[in-house]
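Letter by letter, the chains look like this.
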Amino acid sequence: MPVPNRRSMTGRSVACTVLAGLAVGVALLAACGLGGDAPAATATPLAVQTPLTNGDWMLSHPEAAETIGRQVELRGWVFDVASIPDGDETAFLVWVDFDNDDLPTAFVIQGAPPELEANAFVVVRGVVEGTEPHTYPDGREALIPRVRVTALTITDRLGIRPAVWVVDVGQTLTQADIRVTLERIEFAAEETRLLFAVDNRSDETISAIGTGVRMQRGEVEFRAVFPTGHGVPPPRGRVESGAVERGWFQFPPLDRLGPPLVIIWDGARPDSPIQRFRPWQWVVDTAGGQQPEG
C-alpha cells in the first residue's frame, strides 16, 4: 500500500483545524447575533501575464530561454516551411521584424493549412515551448524561441499592418509626356505608406527609382524607408514606353492630423532628359480640409 505524502497529510490536518476553528467562530458570532454582518472572505486573483507582441519581441527575443512558457501574439513574414517527419506537424520560420529580416522565430503547428508557405504573412498565437539553434544569413548563430501554435491567420502585407486611415489623393502631375500620380496615402499604426503610379507616355524608357522620396510637415522632414518591407514593393526602377508602373513608399508612422504634407519625389525622369526636370511635388491636407495641390 502506498505511503501517503506527509506534506499532503499535514496540509489536510491544518486545513481541517482551520475549518473547525472557523465553524466554532461562526457559531459564537451567531449566538451573539453578529454573524449576519460579518464580511465575506475574498480571494485575490492571480496576476495574468499578457501575451508578448511584436512591440515586446525586440527585447524578449535575445533572451529566448526567458520566454519559455509565455504566451505570444506575433505577426511576421514566413521565410521557410518544413514538414516534420513521422507526424502531421509543420515547422516554419518567420521574420518578426520583416522590414529588416530580423528577429527570426520558429513555430510548430499540427495540421498546417495548405496556404502556409514561404512569403506568406501570418498572425500567430501560441506558447513558447523551448528554443532551437538558428544560423543567420551572415553566419551568426543564436538560440531563438520555438512557439507551439494555438491559432494561425494567413493574410497579406497590408493585413499585417492594416491602414487605420486612408487619404485617396488621386493627384496627377505631368512633365514631358510622363504622368506621375500620387494615388493614396495610408496611415497605419506602425508606418505610413504612399502609393504612386508612373505612366510613361514618352517614346523612351524612363527611370522610376524607389528612392529620393521625402515628406515635409512644417519644419520637420521625413525620408522614405528603403528598401521597403516585404509585400509593399517600390517601383521596379524602369518603365517602358507606353507602360504604367505602380509602387509603394514606406515612411515612419505619422499622425494624419496636423499641417499639410509636402511630398517630393525626384526619382522619376527620362534617362536623357531633353529639358530640365523639376522634382514632382504634392501638397496634401491629410486632415481633409482642402484639395491636394501639385
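Caption draft 1: The arrangement of the environment of R246 in detail. Inspection of the secondary structure assignment puts R246 in strand β13 (residues 244-251). Expressed as a C-alpha distance, the spacing of R246 and P233, which sit 13 residues apart in the sequence, is 8.8 Å. Sequence-distant contacts of R246, defined by excluding residues within four places in its chain, comprise E183, L195, F196, A197 and P235. In terms of polar contacts, R246 uses its side chain to reach the side chain of E183, at 2.9 Å.

Caption draft 2: Seen up close, the pattern of salt bridges. Taken as a whole and judged by the stated rule, the model has 19 salt bridges. With a shortest N-O distance of 2.9 Å, R140 and D138 are connected by a salt bridge. Within the structure, one salt-bridge network assembled from shared partners comprises R75, D99, R157, R161, R184, E186, E190, E191 and R193.

Caption draft 3: Main features of the sheet that holds β13. Reading across the sheet, the four strands line up as β6-β7-β8-β13 and stay open at both edges, with antiparallel pairing between neighbours. Edge positions in the sheet fall to β6 (163-175) and β13, since each of these pairs with one other strand and no more. Direction aside, neighbouring strands of the sheet carry axes that sit 15° apart on average. Pairing of strand β7 (residues 178-188) with strand β8 (residues 192-200) involves nine bridges; the strand directions are antiparallel. What sits directly across from I178, in β8, is N200.

Caption draft 4: Spotlight on the nonpolar core. If you look at the biggest cluster of nonpolar residues, it comprises 27 residues, and the most contacted ones within it are V180, L194, F196, I263, W265 and W282. Among the secondary structure elements, those contributing two or more residues to this core are β6, β7, β8, β9 (206-208), β10 (213-217), β13, β14 (261-265) and β16 (280-284). The greatest single-element share of this core, amounting to five residues, is contributed by β7. Among all residues touching F196, those that are not within four sequence positions of it are V180, T181, L182, E245, R246, G247, F249, I263, W265 and W282. Counting 18 residues, the second-largest nonpolar core is a separate cluster that includes L52, L74, L116 and V128.

Caption draft 5: Spatial organisation of the packing of aromatic side chains. Applying the stated criterion across every chain yields a total of eight aromatic pairs. Centre to centre, the rings of F98 and F121 are 5.8 Å apart; their planes meet at 80°, and the pair counts as edge-to-face. Taken together, the positions of F98 in the loop between β2 (89-97) and β3 (102-110) and F121 in strand β4 (residues 121-135) put the pair 23 residues apart, joining distant regions of the chain. Taken together through their ring pairs, the aromatic side chains of F196, F249, W265 and W282 make up a single cluster. The ring of Y136 carries R140 above its face, with NZ or CZ at 3.9 Å from the centroid. Just above the ring of W165 sits the side chain of R256; from NZ or CZ to the centre is 3.6 Å.

Caption draft 6: Quick peek at the side chain of H61. By the element assignment, H61 lies in the loop between α2 (54-60) and β1 (71-83). In contact with H61, other than residues within four places in its own chain, are L103, P104, T105, Y136, I144 and P145.

Caption draft 7: Spatial organisation of unusual backbone geometry. Not every positive phi belongs to a glycine, and N119 is a case in point at roughly 80°. Here N119 lies in the loop between β3 and β4. Even without being a glycine, A176 presents a positive backbone phi close to 50°. Tracing the backbone shows A176 in the loop between β6 and β7.

Caption draft 8: Focus on the sheet that holds β9. With antiparallel pairing, the three strands of this open sheet are ordered in space as β12-β9-β15. On the outer flanks of this sheet lie β12 (237-239) and β15 (268-270), each paired with one strand and no other. For this sheet, the mean angle separating the axes of adjacent strands, direction not counted, is 30°. Two strands pair when backbone bridges link them, and β9 and β12 are joined in this way by three bridges, in the antiparallel orientation. In the strand pairing of β12, S207 is matched with R238.

Calculation criteria
Residues numbered from 1 in each chain as written. Predicted model: local features only at pLDDT ≥ 70, side-chain atom pairs only at ≥ 80, totals over all residues. Heavy atoms only, no water. Helix = DSSP H or I, 4+ residues; strand = E, 2+ residues; numbered from the N terminus. Contact = heavy atoms within 4.5 Å. Polar contact = N/O pair within 3.5 Å; in protein donor to acceptor, adjacent residues only side chain to side chain. Salt bridge = Lys/Arg side-chain N within 4 Å of Asp/Glu carboxyl O. Pairing = 2+ DSSP bridges. Axes fitted to C-alpha atoms, helices over the stretch in contact; angles between N-to-C directions. Core = buried A, V, L, I, M, F, W, Y, C linked by side-chain atoms within 4.5 Å. Buried < 20%, exposed > 50% of the residue type's maximum accessible area, 1.4 Å probe, protein only. Phe/Tyr/Trp six-rings, centres within 6.5 Å; stacked < 30°, edge-to-face > 60°. Lys NZ or Arg CZ within 6 Å of the ring centre and 35° of its normal.

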